[in-house]
Amino acid sequence: MTHSPSQAAPTSAPVPSRRWRDTWRVYREPASWRMLALGFSAGLPLLLVLGTLSFWLREAGIDRATIGYLSWVGLVYAFKWLWSPLVDHLPLPLLTRRLGRRRSWLLLSQLMVMAGLVGMAFNDPLSSLQPVVWCALAVAFGSATQDIALDAFRIESADADRQAALAATYQTGYRLAMIWAGAGVLWIAARTQGNATGYLHNAWQVAYCAMAASMLLGVATVLLSREPAPRALPRARNAAEWLRGALVEPFADFIRRYRWQAALILALIAVYRISDVVMGIMANPFYVDMGFTKDEVAAVTKVFGVIMTLAGAFLGGAMAMRWGVMRVLMLGALLSAATNLLFALLATRGHDLMGLVLVVSADNLAGGIASAAFIAYLSALTNVQYSATQYALFSSMMLLAPKWIAGFSGVFVDAHGYASFFTATALLGLPVLLLVWAAARVPLKKHD
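All of the points below concern the structure found in this document. (Residues numbered from 1 in each chain as written. Predicted model: local features only at pLDDT ≥ 70, side-chain atom pairs only at ≥ 80, totals over all residues. Heavy atoms only, no water.)

## Section: the nonpolar core
Then, number 1: Core analysis: the biggest nonpolar cluster contains 132 residues, and Met-120 and Tyr-208 have the highest contact counts within it.
Then, number 2: Dropping the residues within four chain positions of it, Tyr-208 is found in contact with Leu-48, Thr-52, Leu-53, Trp-56, Leu-117, Met-120, Ala-121 and Val-185. (Core = buried A, V, L, I, M, F, W, Y, C linked by side-chain atoms within 4.5 Å. Buried < 20%, exposed > 50% of the residue type's maximum accessible area, 1.4 Å probe, protein only. Contact = heavy atoms within 4.5 Å.)

Structure (structure tokens):
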């Protein structure tokens, strides 16, 4: 029976012993396969409005400072908690009656992403950058809305003991989508361009239309999946009572359970991925400026690197189930910061393909371990009664500060160079280690 992740054992409690064979068996369950496909749908839009878009813009001749500022499109994800209560409570005409609350919002958001990607495809940033930005914002809004509904769908689909495994399969689908949204886009654009040299908008147009069509996998999965057992919502007597239940109570519940320790937990959430997020905005411009070709970037960073992320995600999920989330959370934070120093070393070597392979391998393995543990931690903090709203708050907090700081990354690189930039992003990870150490002493609180 599904129960609230907030009723999990304290983080400091011993983790029940289980055989490795039993630990890995959970990945074969139907819920894990559903999260694999839905993770693909969730992961596809992100690079298309951030990393891959930055490669496209740089090839089109857009300056690094502008590319850095345009990364603020990603701040949409950091503010998704603002409309998450609507996803949690508001039924959609026609759709909710047929599909249920979670699947109806998933379907609507996926259609919004597809429309935005088509809009990006048919606008050339070289001649009309503003329409591309508006369409990217639409994609980000649809993607963030999909994340809200999907996180609630995942949390309500399994008990707390299986959240780490669902997080790993979700990450697998997510990273497979990133291969397609990264390497796939570059491969399609390169094949479309053929022997032509320089920038060719038509190549990117074909690639982005293919990405829009790829969202049909998520649409099909939503239509074929079962809605989690519906949670009865108390009937509000008036608008004020509805707003209190939808907007205030999810946040008040978290504060009541953790009191002053809520500030510590939110601080950890706010900065845990700061090293990776800030560094990631300048990764693709870095590859272009170091002279790596589309095919080299596709093969190394978007295929081989993502495979290493998948390995890290499965390893992180298994370790979290066996040894506890907080130990793996500390390991992931340490590795994520340390591997940024390898990028600083690579910046001094220029076009070094083997160096790129080694650095990307280490970085993505570390990122996979950190992501699996972090998603499991956020899921355990979430009260299933407010799953969409609370998880949206946590995942929004995760992105707000890193995305804002990342907006200045292009200016920093112009002033100090890539080596100094990557070293600075590694140093940003040091406070995270202290926060993980402190948060490990905070037990997960049951809902009253």
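## Description of the packing of helix 8 (residues 101-121) against helix 12 (residues 216-224)
Then, number 1: Running from N to C, helix 8 and helix 12 cross one another at 165°; their axes reach a closest spacing of 10 Å. Classified by the angle their axes make, helix 8 and helix 12 are roughly antiparallel. As helix 8 packs across helix 12, the resulting crossing turns out to be left-handed. Here Arg-103, Leu-106, Leu-107, Gln-110 and Met-114 of helix 8 lie close against helix 12, whose contacting residues are Leu-216, Gly-218, Val-219, Val-222 and Leu-223. (Axes fitted to C-alpha atoms, helices over the stretch in contact; angles between N-to-C directions. Helix = DSSP H or I, 4+ residues; strand = E, 2+ residues; numbered from the N terminus. Parallel < 35°, antiparallel > 145°, perpendicular 65-115°, else oblique. Left-handed = near helix turned anticlockwise from the far one by under 90°.)

## Examining the pattern of salt bridges
It is possible for side chains of opposite charge to pair when their charged atoms get near one another.
Then, number 1: For the structure shown, the criterion picks out 10 salt bridges.
Then, number 2: Between Asp-295 and Arg-191 there is a salt bridge whose closest N-O contact spans 3.4 Å. Here Asp-295 is found in helix 17 (residues 294-323), whereas its partner Arg-191 is found in helix 10 (residues 163-193), with 104 residues between them in sequence.
Then, number 3: Since its relative accessible area comes to 37%, Asp-295 is described here as partly exposed.
Then, number 4: Three or more residues joined by partner-sharing salt bridges are found here, namely Arg-58, Arg-64, Asp-289 and Asp-414. (Salt bridge = Lys/Arg side-chain N within 4 Å of Asp/Glu carboxyl O.)

## A few points about a nonpolar patch on the surface
Then, number 1: A grouping of Tyr-69, Trp-404, Phe-408 and Val-411 is seen on the molecular surface, where their side chains present a nonpolar patch of about 380 Å² in accessible area.
Then, number 2: With respect to the secondary-structure elements, Trp-404 resides in helix 20 (residues 387-406).
Then, number 3: For Trp-404, a relative accessible area of 49% gives the class partly exposed. (Patch = residues over 30% accessible without salt bridge, like charges linked within 9 Å, V, L, I, M, F, W, Y side chains within 5 Å. Areas by Shrake-Rupley, 256 points an atom, 1.4 Å probe, with all protein chains shown as cover.)

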